[in-house]
Amino acid sequence: MALDGIDPDEDDEDLLFMQLSIDTVYASYAAARNRVRQYTQLLTLLKREEGLWAERVEKAKYALPDYNHHSAGMHLLRPPGVLFIIILLMVSCGALRCSWTKQTDFRGLEKHRTTCKYYHKESRLAAEKRRVRARESSSQNLTSHLRINAASNHCNVTPLAPIRSTGIRSLKPIAQCGPMECLPSEPINRARTARASALILTSEDSGAFDIAMEDTTEGCHDVSDSGQHPSRRTRGIPRSFNDFLPADEEMNPSDSSGNSASTLPEIHSLPQRRIQRVILTLRDSLQSAFTTIGLCRKYPRRPSYEPDKFIPSSLLATTCPTIADALDTQAHDPLHGVSGPPYPFLNMTIYRLMTWMNSGSHQKSEAEVSRLVKDVIQAEDFNLKDLDQFSVRKSLRVLDNNGGKGTVTFPDDWLETDITIEIPTRSKDDPSRSFSILGFHYRPLVAVIRAAFADVQAGAYHLFPFQRIWKDPLDDHQERVFDELYSSDSWLQAQDNLHRQPREPGCTLERVIAGLMFFSDATHLATFGTAKAWPLYLYFGNLTKYARSAPKSGACHIVGFFPSLPDNVKDVFSTLHRISKTGMAALHAHCRRELFHACWKHLLDAEFIHAYRHGIVLRCPDGVYRRVFPRIFTYSADYPEKVLIATIKDMGSCTCPRCLVPKASFDLLGLFRDLQDRLANLRAYCLESVIMARSFIYNGGNTVNGSKVQATLGEGSWVPTVNTFAEKLGPLGFDAFRMLVVDFMHECELGTWKALFTHLIRLLYALPGGDRLVATLDNRFRHVPSYGHEVIRKFTNNTSEMKRLAARDFEDILQCAMPVFEGLFPEDHDALIQTLLYRFAQWHALAKLRLHSETTLTVLEKTFKKLTRHLRKFRDFTCVTFTTVELPREKAARERKANRERSGADIADAGSGRRKNKKFNMNTYKFHAMGDYVYSIRLFGTTDSFTSQIGELAHRALKAFYPLISKLDTPAQLAKHERRRRVLRRVAGCDLHSTEQPLADSPIGLNDHHYIPTLCRNNPLDLFGFLRDHDNDPAVAAFIPKLKDHVLYRLQNLNISYCDHTFTDAERNSVIILNNRLYSVQTMQVRYTTYDLRREYDTINPRTYADIMVLSGETKPRHPYWYARVLGIYHMDVWLNSEGPMRMRQIEVLFVRWMAPLIDHQSGMSYARLPKVAFVEDSDRDAFGFLNPGQVIRSAHLIPSFASGRGTSSLRHGKSFARQSGDLDDWEAYYVGIFADRDMFMRYTHYGIGHPTVIRELARDCADAELVDNPGSEDIEDDEEWENDIRPHHSVGGDEGEREGDVSGDDEEQEYDDDDESSAEDDEVMGIGEDMDEEADEDDEDDYMMSF
């Protein structure tokens, strides 16, 4: 909104009048929106209540069809006073014990209820009472109705009689009206008679389990033992579902196709008021129509260019005419002189050969040789005669611009300069000594920006920010969605600030932003030796993160190699007088800081500062010239580099680079006081204090770490180095500390989780028989099955030793930790540790989501509070109970470090000490950083957009270059190889422009639900021969009848109402299977849409990845899914010999072994426990069956319940077709790995935007039922702790002081692990899919983690 006609800078009355006018307009508009929102929510509540009662009416009619509903019992179906209660709650809390004053604002009432413990308690109690009354009333009516039907049909009604078997027993149905033969997968052999049945497995022995897999039919009611389970109708087959197939404009990562949905501009009309001297100008905003999934975009300003074709061209803004004649010159074209292939070579043969040499892997594998043959030798333009007198060295010189035709120099080519720093002499009379560091290689940032906007990839750049809005199909509520940087609050704020500043004189071009995202990290270049590089990477936030995160996308721009401080600087230190060893270490750290910021002064040169202030005119991909303003949004680095960038002390009293919260208060994590301290103590740079401290050092002869210098710098752990970002960009409004985003890989997976896991191992060693317990832990990890395509890898080595583990390995450990640790600790501690592990895995999954909504951010914040509360319980209860000492690897690492520091001293004595005591320490920066994730996601988008993992992946290219160089001048030669690859990529881009080909082909074949190679007939299976080979095997009992019943059900398209249909022998004989032969295949692909709108697939293999999940077929399930193990994947040719012409059909089926959830095991988010399942007993006819592949949702990760052991309760001992691995027995139970990946976790919530509505609705209903069953949820306890924490806190003392004393002893080893063996190499194979592999920081941290 703009106000014209007044000048607030000249008159205070004008300023006050303008403020009051704006407040009046916005207040009226907000009041109108609040009223609409209140009535909308009221209508939604009434409709939902009406739907619930209508469902109950239908169930009552079905249960008692002859009952007169106009009798006295009708009042149970009518909700009296519902409208009165809702209206009453709008003006008061509604809780009896709550004295909250009346409010007319519904938003205030909703906000109060979220924190009112009385309202939560009364709501849960009321819901529980209603459920109990409904169950009692329903059971009474059903009992009388069953008695009437039994008497009229002369049917013998008997009580539940257990049938004794090994380990698990079945229960006979109540009404003995015929055999129960319905499979969970399909309806088979059911008599359409009125009966009630239940497939319930219970146990008498303490070592066995209670399993409930309900299987009832229409007209049947589940009556459970002792009233332990409520009566409810269930379905005998899994529910069907239709997976979302989003339109191309909705898909990630390539939103490249057109949009057929119409979009409408949204202009917000404000109330008309007569205000003198004020002109209101409406902003031309645009909101697109909601897509099929419910997403839309809300642009604060109408865009003129949209790369995804999400907005029709008719709704785009019309740009002003461009001055093409003045700007479209060779001087302004950064890629002038570059033509298509074979540039810069003489012919296409040499071009293809040199391109193959300088691309791909430098370890020529089978794939590389195949690429050589396909892309080079078999190319149509390959000519063997062109290779006459061919020289690789000459061709490389041509590529390096040392000869050849059309020598071209790019504006963004590498430059080299020397960096000079001043070393203080600690003398008032002697000036500082200059010291030069040779060889800082860098590329000018403005030139890199120009080249990036001229690149072919710029066609996918987003130039105009927007908000992504989601309209939930479940209840039609709308909420904000966070994913990309260009849809985040920081970009929207930066764009708004850009439009507020005055235009350049005479310029009418559109103003857009180039979002800069920096990554820097030092890395080893070889497994052995000291070769290192410290690259600086630049990414453009205008490009979608799905392309940026792919190492081979070309989105990474290497813009510099930071030099290290050479060893000969110590020669200068040795000439200084009156300097101690401690002072020399402080001076060395000071020189490293000076060198780092001196390099950044060359990067943030005058040209970049001018572009930052005034912008640069660039030709955008649509051919329109715009004024582009570079803006730095994020800088991702590990903690040692963060303190370099922020110019603060490493391991100081205020270790956070974003706030001034002291380290002693870090253990208040998650409390209200901690949140207040973060907001009230944000870092603000004080340049004057730093300049004064530097004058004391360079002119006054004070030491770098002297008391006078520290007193001048004040609190905040500041250092006497001028921060280049604050000095050059601070006057332009840039916050140098806000850009230092959280680092999930180093701070969580290699930080807080690694610290917790390490201490759990210490606790195991501290228990009686600790060595045996640790060996058991390692054995259990080795039995955890792998999952997916390197999603969870196989644990082979001893996990407790943590040798050469990368970040992705620690992530796998966290996702599988609960079943492995179960039962290893004493009972009272085991429950606490299980809850802690669940909450940590839950927070980890939420913090790592690629797509967040307002709801998931709220859940993340609540989960964080629960996690921190359990961390403190763990520290104050479990950790103080046992005396823990160093692990063997920690002791060895400490001794190695001591030997290095005391070289020449008493080395033998250094390694003869005993293990030091170790305590669990929460007073570290990495724990403190966990509280900044919600804020960072709102500000910059989801964490996968700026995780340091992206920079770690970029190290691959450097490590591929390193074997090809001479090792003499590593940065220069790495820069040369980078330029070669960049030139070839730009040449290929010119060819791409000329042929108008897309950047990348979209995935083919992922639109189908599944894929089974039906043309593969290499493994025919003769039915009768198969049955002879598995004679007396319970797994194949009634194999052919079950198969034919399944085929009949499929071919006749019977719906779920036919689940009790009985097929006659004549009907079964009408199914003709060609040659009585099935065709077995090894694998099957299940395609699905992820929560973040990506198409992925799982591979099902009966021998490796055999477990699957389908929708529950129960009417009111307690768990949304059923699970099964695939024993065979088959397809067959079938005829149906019935009325009409015979037609052959090809049928695909899965032969599965069903699992059922344990009855008395409580699982879910409120219980903080994983779901637990077990195989159905082999004596039950429904233990094995056939399944339609179209009903499979995804593969499942089932982890054995190691505490339950192995046995034969579900299948007799011995070899069986059901045991594909050749085992003689089975695990008694399994835990469902809901944290296997982020999409799997979201399927157990109802927050997945890309998931089908039927799955989300079922997950929501199960979660609501779980909350009703568990009224003592942790939410109330969290609210009470949050409210109690508002009270004033005393200063840390007493026990807190003792813990603070422990900080100095453990901090260094908690923050950084100096064990060289615990870090992994960067060249480990890493995936780029849903769960991209993260790597450990393998650098020699002794060189980079000094105390500054």
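Calculation notes
- Residues numbered from 1 in each chain as written.
- Predicted model: local features only at pLDDT ≥ 70, side-chain atom pairs only at ≥ 80, totals over all residues.
- Heavy atoms only, no water.
- Helix = DSSP H or I, 4+ residues; strand = E, 2+ residues; numbered from the N terminus.
- Buried < 20%, exposed > 50% of the residue type's maximum accessible area, 1.4 Å probe, protein only.
- Contact = heavy atoms within 4.5 Å.
- Phe/Tyr/Trp six-rings, centres within 6.5 Å; stacked < 30°, edge-to-face > 60°.
- Axes fitted to C-alpha atoms, helices over the stretch in contact; angles between N-to-C directions.
- Parallel < 35°, antiparallel > 145°, perpendicular 65-115°, else oblique.
- Left-handed = near helix turned anticlockwise from the far one by under 90°.
- Pairing = 2+ DSSP bridges.
- Patch = residues over 30% accessible without salt bridge, like charges linked within 9 Å, V, L, I, M, F, W, Y side chains within 5 Å.
- Areas by Shrake-Rupley, 256 points an atom, 1.4 Å probe, with all protein chains shown as cover.
- Salt bridge = Lys/Arg side-chain N within 4 Å of Asp/Glu carboxyl O.
- pLDDT = per-residue confidence, 0-100.
- Expected span 1.5 Å × (residues − 1).
- Bend = angle between axes of the 7 residues up to and from the residue.
- Disulfide = S-S within 2.5 Å.
- Nonpolar A, V, L, I, M, F, W, Y, C, P; charged D, E, K, R; others polar.
- Polar contact = N/O pair within 3.5 Å; in protein donor to acceptor, adjacent residues only side chain to side chain.

Below, the discussion takes up the overall build of the protein. Helix and strand content of the protein: 38 helices and 36 strands. A total of 1348 residues make up the protein; the buried ones form 54% of that total. By sequence separation, contacts in the protein at least 24 residues apart represent 72% of the contacts at least 6 residues apart.

For the coordinates displayed, the defined rule picks out 49 aromatic pairs. Where Phe874 meets Phe920, the ring centres are 5.3 Å apart and the plane angle is 80 degrees; that geometry is what we call edge-to-face. In this pair, Phe874 is assigned in helix H25 (residues 854–881) and Phe920 in the loop between helix H27 (907–910) and helix H28 (925–928), connecting sequence segments 46 residues apart. A residue is classified by how much of its surface remains accessible, and Phe874, at 0% relative accessible area, is buried. The buried category is assigned to Phe920, whose relative accessible area is 6%. The interplanar angle of 80 degrees and the centroid separation of 5.8 Å between the aromatic rings of Phe1175 and Tyr1230 together place this pair among those described as edge-to-face. A residue pair is termed long-range when its members are at least 10 positions apart, and Phe1175 in strand E30 (residues 1172–1175) and Tyr1230 in strand E36 (residues 1230–1232) qualify at 55 residues.

In this section: the environment of Leu1198. Within the element layout of this structure, Leu1198 appears in strand E33 (residues 1198–1200). Not counting residues within four places of it along the chain, the set of residues in contact with Leu1198 comprises Pro785, Asp1107, Tyr1123, Met1155, Tyr1230, Tyr1231 and Val1232.

All right, on to the packing of helix H20 (residues 744–766) against helix H22 (residues 807–815) then. At a closest axis distance of 10 Å, the pairing of H20 and H22 adopts a crossing angle of 50 degrees. The pairing of H20 with H22 is recorded here as oblique in orientation. In this structure, H20 crosses over H22, and the sense of that crossing is left-handed. Residue-level inspection shows Met745, Glu749, Leu750, Trp753, Lys754 and Phe757 of H20 in contact with H22, the latter providing Ala807, Phe810, Glu811, Ile813 and Leu814.

Attention now goes to the environment of Ile813. Within the element layout of this structure, Ile813 appears in helix H22. Using a relative accessible area of 1% as the deciding quantity, one classes Ile813 as buried. Along the backbone, Ile813 and Phe781 are 32 residues apart, and their C-alpha atoms lie at a distance of 8.3 Å. Those residues in contact with Ile813 that sit more than four places away from it in its chain are Trp753, Phe757, Phe781, Phe795, Thr799 and Leu805.

As a further point, take the sheet that holds strand E7 (residues 286–287). In space, the five strands of this open sheet follow the order E7-E8-E11-E12-E20, with antiparallel pairing throughout. Of all strands in the sheet, those bounded by a partner on one side alone are E7 and strand E20 (852–853). As paired elements, strand E12 (residues 478–482) and E20 share two bridges and run antiparallel to each other. Pairing of Phe482 across the sheet is with His852, part of E20.

So, on to a nonpolar patch on the surface. Nonpolar side chains collect at one region of the surface, where Val369, Val373 and Ile377 lie side by side and expose about 220 Å² of accessible area between them. Relative to the assigned elements, Ile377 resides in helix H7 (residues 366–377).

When pLDDT is averaged along the protein, the result is 77, and 70% of the positions lie at 70 or above. Predicted confidence is poor over residues 1–8, with pLDDT under 50, and the contacts of this stretch with residues over four places away or in other chains come to 26 contacts. Across residues 141–235 the pLDDT falls below 50, and counting only partners more than four positions away or on other chains, this stretch makes 252 contacts in the model.

Reading across from one edge, E21-E25-E26 is the order of the three strands in this open sheet, with antiparallel pairing throughout. On the outer flanks of this sheet lie strand E21 (1010–1011) and strand E26 (1095–1100), each paired with one strand and no other.

Moving on: the pattern of salt bridges. Throughout the structure, instances matching the rule amount to 48 salt bridges. Arg793 is paired through a salt bridge with Glu790; the nearest N and O atoms lie 3.7 Å apart. Given the relative accessible area of 30%, Glu790 is considered partly exposed. Linking Glu801 and Lys803 is a salt bridge whose minimum nitrogen-to-oxygen distance equals 3.6 Å. Connected through shared salt-bridge partners, Asp412, Asp413, Arg443, Glu978, Arg979 and Arg982 make up one network.

It is worth spelling out helix H15 (residues 639–646) at this point. Where burial is concerned, most of H15 is hidden: eight out of the eight residues are buried. Taken as a whole, H15 has its buried residues at Tyr639, Pro640, Glu641, Lys642, Val643, Leu644, Ile645 and Ala646. Close packing links the buried residues of H15 with strand E13 (511–520), helix H13 (581–603), strand E19 (625–636), helix H19 (724–729), H20 and H28. Once H15 ends, the next one or two residues include Thr647, with phi positive near 55 degrees.

Let us look at unusual backbone geometry. Located in the positive-phi region is Arg426, a residue other than glycine, with phi close to 60 degrees. Turning to its location among the elements, Arg426 is positioned in the loop between strand E9 (415–423) and strand E10 (433–442). Even without being glycine, Asn1032 reaches a positive phi, approximately 65 degrees. Checked against the element boundaries, Asn1032 lands in the loop between helix H32 (1023–1029) and helix H33 (1039–1051). For Asn1032, a relative accessible area of 64% puts it in the exposed group.

Attention now moves to H25. The end-to-end C-alpha distance of H25 is 40 Å, a good match for the 40 Å that 28 residues give at a rise of 1.5 Å each. In H25, a bend of some 30 degrees at Phe874 exceeds every other bend along the element.

A separate point is the state of the cysteines. Here, disulfide denotes a covalent bond that connects the sulfur atoms of two cysteines. Using the criterion set out here, one finds zero disulfides in the structure. In this structure Cys656 is a free cysteine whose sulfur lies 3.5 Å from that of Cys659, the closest cysteine sulfur available.

What follows covers the environment of Trp753. Topologically, Trp753 is positioned in helix H20. On the basis of relative accessible area, Trp753 is assigned to the buried category, the value being 1%. Measuring from C-alpha to C-alpha, the distance between Trp753 and Ile813 comes to 9.6 Å, with 60 residues separating the pair along the chain. Residues within four places of Trp753 in sequence aside, it is in contact with Cys748, Phe810, Ile813, Leu814, Ala817, Leu837 and Phe840.

In this section: the packing of H20 against helix H21 (residues 770–782). The interhelical angle for the contact between H20 and H21, taken along N-to-C directions, is 135 degrees, at an axis separation of 7 Å. It follows from the interaxial angle that H20 and H21 lie oblique. Between H20 and H21, the contacting residues are Phe757, Ile761, Leu764 and Tyr765 on the first element and Gly770, Asp771, Leu773, Val774, Leu777 and Phe781 on the second. Within the contact of H20 with H21, the residues separate by chemical class into eight nonpolar, one polar and one charged.

Below, the discussion takes up the pairing of strand E27 (residues 1107–1111). Burial runs high along E27: five of the five residues are buried. Burial along E27 is two-sided: Asp1107, Met1109 and Leu1111 facing one way and Ile1108 and Val1110 facing the other are all buried. Strand direction decides the pairing type here: E27 and strand E28 (residues 1121–1136), joined by five bridges, are antiparallel. Across the sheet, Ile1108 pairs through a bridge with Ala1124, a residue of E28. The pairing of E27 with strand E32 (residues 1192–1195) spans three bridges and is antiparallel. Opposite Met1109, over in E32, you have Arg1194 as the bridge partner.

On the secondary structure map, Arg808 appears in helix H22. Reaching out from Arg808, the side chain makes a polar contact with the backbone oxygen of Glu790 at a distance of 3.1 Å.

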